[in-house]
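The residues making up each chain are set out below.
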Amino acid sequence: MKTSHRMLAAALAVATTTALTSCGSGSEPAADDGTTTLSFLVDNSPASLDTAKALTDAFMQANPNITIETETRPGGSEGDNIVKTRLSTGDMSDVFWYNSGSLLQALNPAQTLVDLTGDPVLANVQEDFLNVVSQGGKAYGVPAGSAMGGGILYNRKVYERLGLQTPKTWAEFMANNDKIKAAGIPPVIATFRETWTSQLFVLGDFYNVQAAAPTFAQDYTANKAKFATTPAARGGFEHLAEVHAKGHLNEGFGSATVDQGMKLLVEGKGAHYPMLSAQLPPMVSETPQAATDIGFFGIPGDDPAKHGATIWEPGALYIPKNTENLETAKKFLAFVATPAAADAITKAVQPAGPYRIKGATLPDDAIQAAKDLQTYIDDGATAPALEFLSPVKGPSLEQITVAVGSGLTPPAEGAAQYDQDVEKQARQLGLAGW
């Protein structure tokens, strides 16, 4: 599950990039037969490759005079280094797919990427997505693929059988857990053998943090706010400790894997699993009931009127300033940001959440968790995960949350440990105030 771990880890060193000159206004190079070839760099994960193929095939079918040649790169830090190196040397492909949020900031987009602010390319992009592909008020990318939720996956059959309602407050959630436990079902699934999974109660709680402390992300980045001294931010650590203290976790949670956790959830041998909705689509082919029996709700806070969910935004497509095919590249991005492109992706990859394109809808057979997440977005009750708003994320969070969630470290101590953990990384990034 390296890919999912990477989705949760957003702190990387800032790359030193060289300013690149923008392409000129002259005509783009074309082959003798009048065709244009566009290069497109993507990571080599199966989902990315399937999505890229769906997009390029649909685009080329509608534009037979344009050929898109897809290049691949590794994921993880190796892939990051390739992207940064190719940008700094002026050797980047005409279009490339990369993370949105804080990882984008490390690319120094103002110097390396084409500014799309006000361009018709962005006409169909949802406004609240633009924040995670922007720097200094300038927008640089269009969303590729769907968003995903980070919160609680739950077994709807268990809820139906026990007559439970989805909770909108933490107290309601814990009351449901008591009833589920009394019915002989583990209320909360934990899979701490894969340590990254222990972070969801903390990272998935950011909607509640932002609702209570709207400037937390900026203050945290500037070293003016801490998890340990911000009650709402400390809440995620307290939730971890509470479900353990109440005996709500599954037996063997310390050695359980994600696959085992998902199996418990789908089979109704566990009721709740703090997890990313992206874990569901791969299960549907072998366990079709995962599409309908598993729902999603945001980690509840204290105020039912402010209930919402934290989302992990999709990556985006960007254009480097060194491209010689600017207008063709823009044409491709404009297509990617259309409902037709979303439909093409859906035929190849089951969406784990809503698309971030105006007019793009989920298919009727979308997984229930994606439909649930769509409701939060439609209601304007979402916030991006902290990693999309701040580059500060310490490397030891998952070890700290395992210890807190296992009852080995008090939550206040765990929050303080994490505040210490981020200091070195923030200094490496050269952030002001550290």
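These numbers come from a predicted model, not from an experiment. (Residues numbered from 1 in each chain as written. Predicted model: local features only at pLDDT ≥ 70, side-chain atom pairs only at ≥ 80, totals over all residues. Heavy atoms only, no water.)

S.K.: Pulling in residues and values, what's your account of the packing of aromatic side chains?
M.R.: Applying the stated criterion across every chain, the model contains 17 aromatic pairs. Their ring planes at 55 degrees and their centres at 4.8 Å tell us that Tyr154 and Tyr159 sit as a pair that is tilted. Residue Tyr154 is classed as buried on the basis of its relative accessible area of 9%. For Tyr159, a relative accessible area of 3% puts it in the buried group. Members of the aromatic cluster, joined through ring pairs, are Tyr154, Tyr159, Trp170, Phe173, Phe201 and Phe297. (Phe/Tyr/Trp six-rings, centres within 6.5 Å; stacked < 30°, edge-to-face > 60°. Buried < 20%, exposed > 50% of the residue type's maximum accessible area, 1.4 Å probe, protein only.)

S.K.: Now, about helix α16 (residues 339-348): what can you tell me, with residues and values included?
M.R.: Taken together, the buried positions of α16 are Ala341, Ala342, Ala344, Ile345 and Thr346. On its buried face, α16 sits against α2 (46-62) and α15 (326-336). (Helix = DSSP H or I, 4+ residues; strand = E, 2+ residues; numbered from the N terminus. Contact = heavy atoms within 4.5 Å.)

S.K.: With reference to specific residues and values, describe the environment of Thr67.
M.R.: One can find Thr67 in strand β2 (residues 66-73). The spacing of Thr67 and Asp57 is 10 residues in sequence and 9.4 Å in space, taken between C-alpha atoms. Every residue in contact with Thr67, bar those within four places of it in the chain, is listed here: Thr36, Thr37, Leu38 and Met60.

S.K.: Which residues make up the environment of Ala212, and what values do they have?
M.R.: Position of Ala212 among the secondary structure elements: in helix α10 (residues 206-212). For the pair Ala212 and Arg427, spaced 215 residues apart in the sequence, the C-alpha separation amounts to 27 Å.

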